[in-house]
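Topology and contacts: notes
Residues per chain are reported as follows:
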Amino acid sequence: MEMVIIGKEIIGCAVVHKSWPAVVVQVNQRRRRSNDQVWINPVVASGGETRKDHRQAASAAAMTTRKSTPILEPTAINLMIDTSPEKPVKFKVRAVATVRNKHKEDIKETIAKHIDSFADQIGRNVLFQLFSTEIDPRTNAPKKSNQAALKDWSKKANLKTERVNYIADFTVPSDFGLPGAITVTNKHQNEFFLETITIEGFACGPVHFSCNSWVQSAYHLPGNRIFFANKPYLPKQTPAGLRELREKELKDLRGGGEGERKLSDRIYDFEVYNDLGNPDKGIDLTRPVMGGNENNPYPRRCRTGRPPTDSNLLAESRVEKPLPMYVPRDERFEESKRNSFSLGRLKAVIHNLLPSLMTTMSSNNGDLKSFSDIDSLYSEGVLLKLGFKDELLKKLPQVVGSSNSGLLKYDTPKIISKDKFAWLRDEEFARQAVAGINPVNIERVRVFPPVSKLDKAVLQQQHEESGGLKEEDILPYLNNMTVQEAIDQNKLYMLDYHDAYFPFIDKINALDGRKAYATRTIFFLTPAGTLKPIAIELTLPPSTRPTSRSSKRVVSPPADATSNWVWQLAKSHVCSNDAGVHQLVNHWLRTHATMEPFILAAHRQLSAMHPIFKLLDPHMRYTLEINALARQSLISADGVIESSFTPGRYCIELSAAAYKDWRFDQEGLPADLIRRGMAVADPTQAHGVRLIMEDYPYAADGLLIWSAIENWVRTYVNNYYPDSNTIRSDWELQSWYAESINVGHADHSRASWWPKLATPEDLVSILTTLIWLASAQHAALNFGQYPYGGYVPNRPPMMRRLIPEEGDAEYSSFMADPQKYFLSALPSLLQATKFMAVVDTLSTHSPDEEYIGERHQPSTWTGEAEMVEAFYEFSAEIRRVEKEIERRNSDRRLKNRCGAGVLPYELLAPSSDPGVTCRGVPNSVSI
């Protein structure tokens with residue numbers, strides 16, 4: 001009796017499609033009648049056949065059996081096997097590869113492209129090779145197909161379409177199994193961007209490979225590129241045929257830790273921040289190493305391997321703009337992103353506009369003369385030198401608005417678009433603490449007067465001196481409450497920048513054109529649910545203050561004309577403190593810099609087929625590239641940040657000081673709100689906390705997004721990790737988390753507060769925090785920079801004068817013309833113009849932005865149908881969040897987001913159009 005297996009072995013697929021009739025069979029015309037059994041031979045479908053054809057063939061095969069013949073179920077285990085020594089049948093499968101064309105090519109690339117077209121015709125091809133998930137028992141190596149070249153490369157090379165599809169045909173045996181990997185060898189001279197590969201012809205249906213990677217020429221990177229099918233596997237579940245490839249791919253990505261990286265490399269490694277200064281150009285451009293030392297701890301960044309500078313062996317030599325800094329090739333911005341609103345604009349502004357502005361405006365680099373000077377930046381523009389405007393527009397198309405009269409114009413910032421004088425009001429000053437661009441520093445007052453956490457040696461005995469906030473300073477503004485009653489009833493709130501700035505005040509005030517205090521601002525929560533500023537404490541170290549002054553000065557709401565101007569100056573100094581902490585600590589450090597180690601470790605330790613890598617992938621996009629640009633031009637010595645913000649050359653040191661108190665376990669939104677006293681734990685709430693201050697737009701909207709992310713992550717994690725054993729036994733996952741801590745955040749590696757990774761719920765918490773930081777937290781801190789900061793008086797990034805007191809040399813000029821004095825304390829026209837150009841770009845969404853709830857290839861990013869469905873549910877929840885935010889912004893009871901001239905709070909509204917919109921939550925830290 002002879003039988004064959006009807007099922008997955010027939011045409012080489014390890015997993016048969018759920019629809020059994022899709023298997024292609026044909027009844028042999030030479031029936032062998034033995035016990036009424038039927039001999040069935042496999043028939044390979046041609047490329048043009050469809051699943052309908054397959055079903056019809058299978059149905060026809062079934063109809064030819066005699067009625068007396070029992071029907072064999074495809075799921076049967078005990079089928080009789082043909083013992084004849086017939087060899088496996090060969091059949092053809094096809095790969096369809098989608099390659100994305102470059103929009104623009106330089107001359108070198110164009111020449112190489114023509115050479116590649118010719119070379120392709122003589123055998124210098126792009127070669128694919130399929131690898132099975134199974135091991136060949138004869139060789140104990142993965143089963144693999146023949147190598148197949150992509151067809152018609154030379155014919156399609158000149159197509160102008162955005163994407164081009166190429167095909168490659170393979171011949172595989174019927175016992176090949178399921179294709180799990182494919183290698184690509186590029187024998188051309190040019191790299192190309194491989195977007196996807198789809199394998200057709202297996203019974204399981206199409207097999208998808210999400211590549212999204214640059215494939216380098218074998219001349220630059222010898223060896224094959226490995227891509228895995230979209231089916232995710234935990235390490236211990238890796239099919240035998242893929243284990244060696246999985247290990248090899250990770251080994252290649254880690255590199256050897258030596259040598260200078262080439263731009264074509266794909267190597268992820270760690271290094272300290274030793275490339276911010278440029279000591280070879282002068283001592284003024286020397287900067288301390290950030291990371292690896294007790295004085296300046298810092299997260300690690302991507303290693304480039306550049307040699308040290310000539311004058312300082314501890315400092316890495318720099319790549320000066322506009323030459324690119326190394327990041328692994330796949331981390332660089334794709335061309336559509338690079339040429340659009342974000343990175344292209346930023347590089348254009350930094351490399352072309354700012355140097356040119358310094359030249360063209362050098363004769364007009366003085367103080368702002370009046371508020372109309374600021375208004376004219378939007379209505380009239382900056383007059384540029386003759387001939388410069390045409391040169392600028394050639395380099396910077398669409399960077400900023402322009403007219404035909406040689407003027408450089410800016411769009412009107414949102415903060416003054418509804419109410420030109422809103423920024424002057426105390427209510428708006430307070431509202432921005434909970435609904436502005438930096439809503440993460442407001443905290444509930446739990447002890448009064450506030451107590452510094454600085455070491456007494458740093459305070460220089462200031463704690464023993466008189467002055468500073470006292471109960472009598474705020475009692476008149478508490479609606480007949482005592483201070484303790486106001487604290488007990490959750491009525492007092494504070495912006496406390498004392499400890500962040502105090503250690504640097506002497507150094508800052510010694511800089512030319514920089515003046516600062518260490519500030520504290522006390523707010524009272526009114527019955528209307530809004531905050532009202534009631535006292536501002538301004539602190540100078542004893543060594544800095546004039547002999548006539550106390551080290552601490554308290555400014556109260558104004559009672560007359562003079563105190564009104566003093567109050568406005570005090571608020572501006574608070575805003576300057578706020579702007580510095582916002583940019584250097586909350587934005588750069590807490591979202592950009594602290595995320596980088598987790599991203600580097602993910603690429604080094606998590607295979608592309610690991611389910612957690614697949615989850616994190618969209619939230620890591622472009623972060624390394626934007627961070628590299630920041631090191632080169634933004635946070636570097638004499639870069640944009642140093643030139644625009646009050647701390648000047650001490651900016652990054654202030655950031656490092658804040659990192660000393662950074663704790664990953666308090667970076668999640670609920671934990672952060674509890675830490676600041678803005679919420680209390682409440683298990684009855686969906687997100688586990690209850691807000692103390694109900695009308696807190698950032699927190700209220702943020703908790704909606706946090707909950708959506710957490711629920712999505714929990715569903716995803718529980719699908720792969722049913723218990724703690726699967727967490728503990730996942731060596732890739734444990735290595736990723738351990739390396740993120742012990743190497744990426746080495747300066748905090750011994751801290752006891754790091755969350756454990758022992759249970760599925762531990763993993764849910766860690767991943768939710770990372771996704772929150774990369775998406776919503778970054779969006780809340782970034783995309784309002786121009787809408788709120790583009791009007792410099794609203795949020796001056798730096799101050800140039802202290803507040804004069806009687807007896808000071810400047811007091812008489814202040815009394816004679818307070819408006820002139822106020823404007824002279826703000827950034828100069830050139831400083832303001834430079835700052836506006838940069839934050840305008842940083843606030844801009846690109847057309848190819850991927851927002852939360854979206855991702856590339858949404859239906860094929862994973863081979864798990866249940867997870868695709870769960871992701872669509874997550875997307876639907878994000879849309880519901882957006883509708884709820886819209887409803888809240890129309891609720892007149894919520895006065896911090898709705899009212900005459902009040903900006904709605906949309907920074908956490910998930911979607912956005914391109915441009916400066918003051919809304920939108922991208923998936924990743926990408927600008």
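These notes cover the structure that comes with them. (Residues numbered from 1 in each chain as written. Predicted model: local features only at pLDDT ≥ 70, side-chain atom pairs only at ≥ 80, totals over all residues. Heavy atoms only, no water.)

Re the pattern of salt bridges
- With the rule as written, the count across this model stands at 56 salt bridges.
- A salt bridge links R318 to E320, with the shortest nitrogen-to-oxygen separation between them at 3.3 Å.
- We classify R318 as buried; its relative accessible area is 16%.
- On the accessibility criterion, E320 (29% relative accessible area) is partly exposed.
- Measuring nitrogen to oxygen at the nearest pair gives 3.6 Å for the salt bridge that ties R621 to D848. With a gap of 227 residues between them, R621 in the loop between α17 (611-616) and α18 (623-634) and D848 in the loop between β24 (844-845) and α30 (865-888) connect regions that are remote in the sequence.
- Each of D701, E884, R887, R888, D891, R893 and R897 takes part in a single network of salt bridges with overlapping partners. (Salt bridge = Lys/Arg side-chain N within 4 Å of Asp/Glu carboxyl O. Buried < 20%, exposed > 50% of the residue type's maximum accessible area, 1.4 Å probe, protein only. Helix = DSSP H or I, 4+ residues; strand = E, 2+ residues; numbered from the N terminus.)

Quick look at the nonpolar core
- Counting 186 residues, the largest nonpolar core has Y298, I442, Y698 and W736 as the members making the most contacts within it.
- Those residues in contact with I442, other than ones at most four positions away along the chain, are A433, V434, Y493, M494, L495, F523, L531, R676, M678 and Y696.
- Counting residues in hydrophobic clusters, the runner-up holds 32 residues, among them A97, W153, Y166 and V184. (Core = buried A, V, L, I, M, F, W, Y, C linked by side-chain atoms within 4.5 Å. Contact = heavy atoms within 4.5 Å.)

Observations regarding the sheet that holds strand β7 (residues 163-173)
- One open sheet holds the four strands; their spatial order is β7-β3-β9-β10, and the pairing between them is antiparallel. At either margin of the open sheet sits one strand with a lone partner, and together these are β7 and β10 (207-215). Here the strands of the sheet are splayed against their neighbours by 20° on average, with no regard to which way each runs. (Pairing = 2+ DSSP bridges. Axes fitted to C-alpha atoms, helices over the stretch in contact; angles between N-to-C directions.)

Examining the side chain of K834
- Along the polypeptide, K834 turns up in helix α29 (residues 829-842).
- No salt bridge is formed by the buried K834; the nearest opposite charge belongs to D638, separated by 6.9 Å.
- Excluding residues within four positions of it along the chain, K834 makes contact with L354, M358 and S643. (Lys, Arg positive; Asp, Glu negative; His and termini not counted.)

Observations regarding the pairing of strand β19 (residues 518-525)
- Most of β19 sits out of view: eight of its eight residues are buried.
- Along β19, one buried face is formed by A518, R520, I522 and F524 and the opposite face, lined by T519, T521, F523 and L525, is buried too.

A word on unusual backbone geometry
- Between F448 and P449 the backbone carries a cis peptide bond, its omega angle lying at 0°.
- For P449, the location among the structural elements is in the loop between β17 (443-444) and α10 (456-459).
- Positive phi, close to 60°, is recorded for N140, a residue that is not glycine.
- With respect to the element layout, N140 can be found in the loop between β4 (126-136) and β5 (141-144).
- Positive phi is not limited to glycine here, since C918 has a value of about 60°.
- With respect to the element layout, C918 can be found in the segment after β25 (915-916).
- When its relative accessible area of 5% is taken as the criterion, C918 is described as buried.

Thoughts on a nonpolar patch on the surface
- There is a patch of nonpolar side chains on the surface, built from I107, I111 and I115 and spanning about 300 Å² of accessible area.
- Tracing the sequence through the fold places I111 in helix α2 (residues 107-121). (Patch = residues over 30% accessible without salt bridge, like charges linked within 9 Å, V, L, I, M, F, W, Y side chains within 5 Å. Areas by Shrake-Rupley, 256 points an atom, 1.4 Å probe, with all protein chains shown as cover.)

Side note on the side chain of N101
- The topology assignment puts N101 in the loop between β3 (90-100) and α2.
- Of note is the side chain of N101, whose polar atom sits 3.1 Å from the backbone oxygen of L159. (Polar contact = N/O pair within 3.5 Å; in protein donor to acceptor, adjacent residues only side chain to side chain.)

Quick notes on the packing of aromatic side chains
- Tallied over the entire structure, the rule returns 38 aromatic pairs.
- An angle of 15° between the planes, with centres 5.8 Å apart, marks the rings of W712 and F874 as stacked. Pair noted here: W712 is in helix α22 (residues 697-720) and F874 is in helix α30, with a separation of 162 residues, a long-range link.
- When the centroid spacing of 6.2 Å and the interplanar angle of 45° are considered together, the rings of W736 and Y737 count as tilted. As far as burial versus exposure is concerned, W736 and Y737 are alike and both buried.
- Here the guanidinium or amino end of K231 rests over the ring plane of Y233, the centre of that ring lying 5.9 Å away.
- One cation-aromatic arrangement involves R855 over W861; the distance from NZ or CZ to the ring centre is 3.9 Å. (Phe/Tyr/Trp six-rings, centres within 6.5 Å; stacked < 30°, edge-to-face > 60°. Lys NZ or Arg CZ within 6 Å of the ring centre and 35° of its normal.)

A few points about the environment of E810
- Checked against the element boundaries, E810 lands in the loop between α26 (785-789) and α27 (811-816).
- Sequence separation of E810 and Y821 is eleven residues, and the distance between their C-alpha atoms is 9.0 Å.
- Contacts of E810, omitting those with residues within four sequence positions, involve R801, P804 and Y821.

Structural notes on the packing of helix α24 (residues 731-744) against helix α25 (residues 760-782)
- It is the contact of α24 with α25, at a shortest axis distance of 13 Å, that shows an interaxial angle of 55°. In terms of axis orientation, α24 runs oblique to α25. Of the two possible hands of crossing, α24 and α25 adopt the one that is left-handed. Here L733, W736 and Y737 of α24 lie close against α25, whose contacting residues are L763, I766, L767 and L770. (Parallel < 35°, antiparallel > 145°, perpendicular 65-115°, else oblique. Left-handed = near helix turned anticlockwise from the far one by under 90°.)

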